[in-house]
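# Overview (structure and organization)
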Amino acid sequence: MAHAEEQQHPAAAQNQPAAGQQHAAVAGQPHIEGQQHPLGIYFKIWGLLFVLSTASYLVDYFHFQGYLRWTLIVVFMLLKAGLIVAVFMHMLWERLAMVYAILLPPLLLLVLLWIGASEGDYTFFTRGTFFGAAPTASAQHPAAPAQHK
Amino acid sequence: MAQPALTSTGEPLPRLEGMHGIVADWSSDQRAFKNVPWGKAMMWIFLLSDTFIFSSFLISYMTVRMSTTVPWPNPSEVFALTIGGKSIPLILIAIMTFILISSSGTMVLAVNYGYRRDRVKTFIFLLLTAALGATFVGMQAFEWTKLIVEEGVRPWGNPMGAAQFGSSFFMITGFHGTHVSIGVIFLIIVAIKVLRGDLDTQRPGFLTGRKGNYEIVETMGLYWHFVDLVWVFIFAVFYLW
């Protein structure tokens, strides 16, 4: 069955061009297979990743603090990750069955993130209570994550 | 025993799109990932498991950092370099980030030229990717040496603050560096296969009887981009926090 599938594939691709195969058809290459896209999009994303990396470096360089720092860092991080997965790893052009199989399970990590955060908070609190005075301002409390110096 | 007759639909079955496509793909015969070679699907599943490993590291680092009452060493200062008499914060890490992104760029070009059957260009870009990866590992080795020898950072403590800094740092960047190193080795192997024409003659690899083809370049690329992807998160939560 899988073999027949293989043979049917080119015909199926012509009948129902998926987004990725449309690209390939535009490129007009003699032997089209797999993920074939114009080079331009890669260079654009490459440039964009450089810009975003520079931006996140500048967040540190200019000593942005508090919520502004965190919003910027997380936004740049997620944008970079999204661009790499979508374009460089070709997720943009895969069938949804695979996209969801790979991208949905990591959402479970949000639970772990939440557990880790509550546990960290609690441990910080108990350490402050049982090992000496209340936590000093110099200690980095999670509520104020950007107190650097 | 009579063999059941093999029948054919005679025409390609329709591939549904959207939600219907997901249900149809998953509920059909043996093969859920329709247009993806097995190696690529397996690489994605491996990367998914690796995602969980790295996420566990990063989340445990977050927990440890949130729970310490001792000030955390400031990464901006710890990873500063003095260039031309001026101390520039985090500059080494920034350069490493740009190198790894560039290696991702060259990797994507290698995949593209591979599918165009351009052996020489594919080889060159694969080798360039490996070289950038090796540069990254080299800079990481430099960073580790500086931290261990000059700053006295150990997994169990350091002179700058919270003891957990060392263990988190060595474990997370060490694991990532190992991934990059393994990637460099495999990039070189794939590059040699490409140049030798193994993928054009469909010569089987040394661990498999399956025929070689240019999809292995894309599968290699997935691994390499993942290494870059992990670095994006390490850069944000370890170095910029």
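Anyway, here's the lowdown on the structure attached to this text.

Cut-offs applied
- Residues numbered from 1 in each chain as written.
- Chains lettered and ligands numbered in written order.
- Predicted model: local features only at pLDDT ≥ 70, side-chain atom pairs only at ≥ 80, totals over all residues.
- Helix = DSSP H or I, 4+ residues; strand = E, 2+ residues; numbered from the N terminus.
- Buried ≥ 20, exposed ≤ 12 C-beta atoms within 10 Å, placed from the backbone.
- Contact = placed C-beta atoms within 7 Å.
- Axes fitted to C-alpha atoms, helices over the stretch in contact; angles between N-to-C directions.
- Parallel < 35°, antiparallel > 145°, perpendicular 65-115°, else oblique.
- Nonpolar A, V, L, I, M, F, W, Y, C, P; charged D, E, K, R; others polar.
- Left-handed = near helix turned anticlockwise from the far one by under 90°.
- Core = buried A, V, L, I, M, F, W, Y, C linked by C-beta atoms within 7 Å.

Here we take up the overall build of chain A. Assigned secondary structure in chain A consists of 6 helices and 0 strands. When the helices and strands of chain A are placed in sequence order, the string is α-α-α-α-α-α. The buried share among the 149 residues of chain A stands at 23%. Pairs at least 24 residues apart make up 39% of the contacts formed inside chain A by residues separated by at least 6 positions.

All names here are of chain B. The geometry of helix α2 (residues 38–67) relative to helix α6 (residues 164–196) is characterised by a closest axis approach of 11 Å and an angle of 170° between their N-to-C directions. Overall, the two elements α2 and α6 adopt an arrangement that is roughly antiparallel. Between α2 and α6, the residues in contact are Phe57, Leu58, Tyr61, Val64 and Arg65 and Gln164, Ser168, Met171, Ile172 and Phe175, respectively. Of the residues in the contact of α2 with α6, the class split is 7 nonpolar, 2 polar and 1 charged.

Tracing the sequence through the fold places Ala101(A) in helix α5 (residues 96–103). Owing to 20 C-beta atoms within 10 Å, Ala101(A) belongs among the buried residues under this scheme.

Below, the discussion takes up the packing of helix α4 (residues 91–115) of chain B against helix α7 (residues 215–239) of chain B. Residue and element names in this part refer to chain B. Running from amino to carboxyl end, α4 crosses α7 at an angle of 160°, the nearest separation of the two axes being 9 Å. When the interaxial angle is binned, α4 and α7 end up roughly antiparallel. The two elements α4 and α7 meet at a crossing, and its hand is left-handed. Taken together, the residues of α7 that come into contact with α4 (itself represented by Ile93, Thr97, Leu100, Ile101, Ser104, Met107, Val108, Ala110, Val111 and Gly114) are Val217, Glu218, Gly221, Trp224, His225, Asp228, Trp231, Phe235 and Tyr239. Of the residues belonging to the contact of α4 with α7, the class tally is 12 nonpolar, 5 polar and 2 charged.

Each partner contributes residues to the interface: chain A has 64 residues there, and chain B has 59 residues. Elements with a minimum of two residues in the side of chain A that touches chain B: α1 (2–15), α3 (39–61), α4 (66–88), α5 and α6 (109–130) of chain A. When residues of the side of chain A that touches chain B are assigned to their parent elements, the largest contribution, 12 residues, is made by α6(A).

Counting 81 residues, the largest nonpolar core has Ala110(B), Leu126(B), Leu187(B), Val190(B), Val217(B) and Phe235(B) as the members making the most contacts within it. Looking at this core, the elements that each hand over two or more residues are α3, α4 and α5 of chain A together with α2, α4, α5 (119–150), α6 and α7 of chain B. The element best represented in this core is α7(B), accounting for 17 residues. Each residue touching Val190(B), except ones within four places of it in the same chain, is listed here: Leu126(B), Ile216(B), Val217(B) and Met220(B).

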